[in-house]
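So you can see what is in the structure, the chains are spelled out below.
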Amino acid sequence: MKRALRTKLLIEVGRKEAIQFAKEISTKYQVEEIQAPTLGLTMIKMRESAQQSLFYIGEVLVTETKVKINESFGIGIVMEEDQELSRALAIVDAAYKENLPETLNWQREFEKLQQRYQQQLQQLKCSIERTKVNFETMKI
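Residues numbered from 1 in each chain as written. Predicted model: local features only at pLDDT ≥ 70, side-chain atom pairs only at ≥ 80, totals over all residues. Heavy atoms only, no water.

**Q** Any chance you could explain the packing of helix α1 (residues 3-12) against helix α5 (residues 107-130) here in plain terms?
**A** How two helices sit against one another is set out by the angle between their axes and by the gap between those axes. For the pair α1 and α5, the least separation of the axes is 10 Å and the interaxial angle reads 65°. Considering their axes alone, α1 and α5 lie roughly perpendicular with respect to each other. The way α1 lies across α5 gives a crossing that is left-handed. Here L5, R6, K8, L9, L10 and E12 of α1 come into contact with α5, specifically with F110, L113, Q114, Y117 and Q120. Broken down by class, the residue content of the contact of α1 with α5 amounts to six nonpolar, two polar and three charged. (Axes fitted to C-alpha atoms, helices over the stretch in contact; angles between N-to-C directions. Helix = DSSP H or I, 4+ residues; strand = E, 2+ residues; numbered from the N terminus. Parallel < 35°, antiparallel > 145°, perpendicular 65-115°, else oblique. Left-handed = near helix turned anticlockwise from the far one by under 90°. Contact = heavy atoms within 4.5 Å. Nonpolar A, V, L, I, M, F, W, Y, C, P; charged D, E, K, R; others polar.)

**Q** Even after reading the chapter, I still don't get the pairing of strand β1 (residues 31-47), so can you show me in this structure?
**A** Each regular strand displays side chains that alternate between the two surfaces of the sheet. As paired elements, β1 and strand β2 (residues 54-69) share 14 bridges and run antiparallel to each other. Residue pairing in the sheet places L39 in a bridge with T63 of β2. Counted along the chain from β1 to the antiparallel partner β2, the turn is six residues long, and its residue Q52 has a positive phi close to 60°. (Pairing = 2+ DSSP bridges.)

**Q** What is the right way to read the packing of aromatic side chains from this model?
**A** Geometrically, a pair of aromatic rings is defined through the distance of the ring centres and the angle of the planes. All chains considered together, the criterion is met by four aromatic pairs. With 5.7 Å between their ring centres and 45° between their planes, F21 and F110 make a pair best called tilted. Highlighted residues: F21 in helix α2 (residues 15-28) and F110 in helix α5, separated in sequence by 89 residues. Taking the relative accessible area as the measure of exposure, F21 reaches 2% and is therefore buried. (Phe/Tyr/Trp six-rings, centres within 6.5 Å; stacked < 30°, edge-to-face > 60°. Buried < 20%, exposed > 50% of the residue type's maximum accessible area, 1.4 Å probe, protein only.)

By themselves, these are just geometric observations and shouldn't be taken as functional.
Structure follows, in structure tokens:
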């Protein structure tokens, strides 16, 4: 599973699992904290649809953490202030970069998270569809 998808699943629907994975790694390996959870601001890029040009829509508050396991670095960045999740994401990232054997056991959990995420998207889509107006049935 790719890093971006793995991180997205943990942020969107797997907060509890991310913290559990981080605890599992922290108890077995030495996790060196390079940068403690720190608040910062980052610019958000958007693409303008007509001319396809990029522009910055504004800033968002983020929490960023950097850790090291053996020789591998991990980074965790989340929107808002969530130090626990940011640290957990950094540990999971470093664990995958280090190819720790525990990461192989997590595959089944990530498949469950992916199913939950798809269900959440489907529910959102259904709620949007319910509010859609059908102009063909309206009298003019």
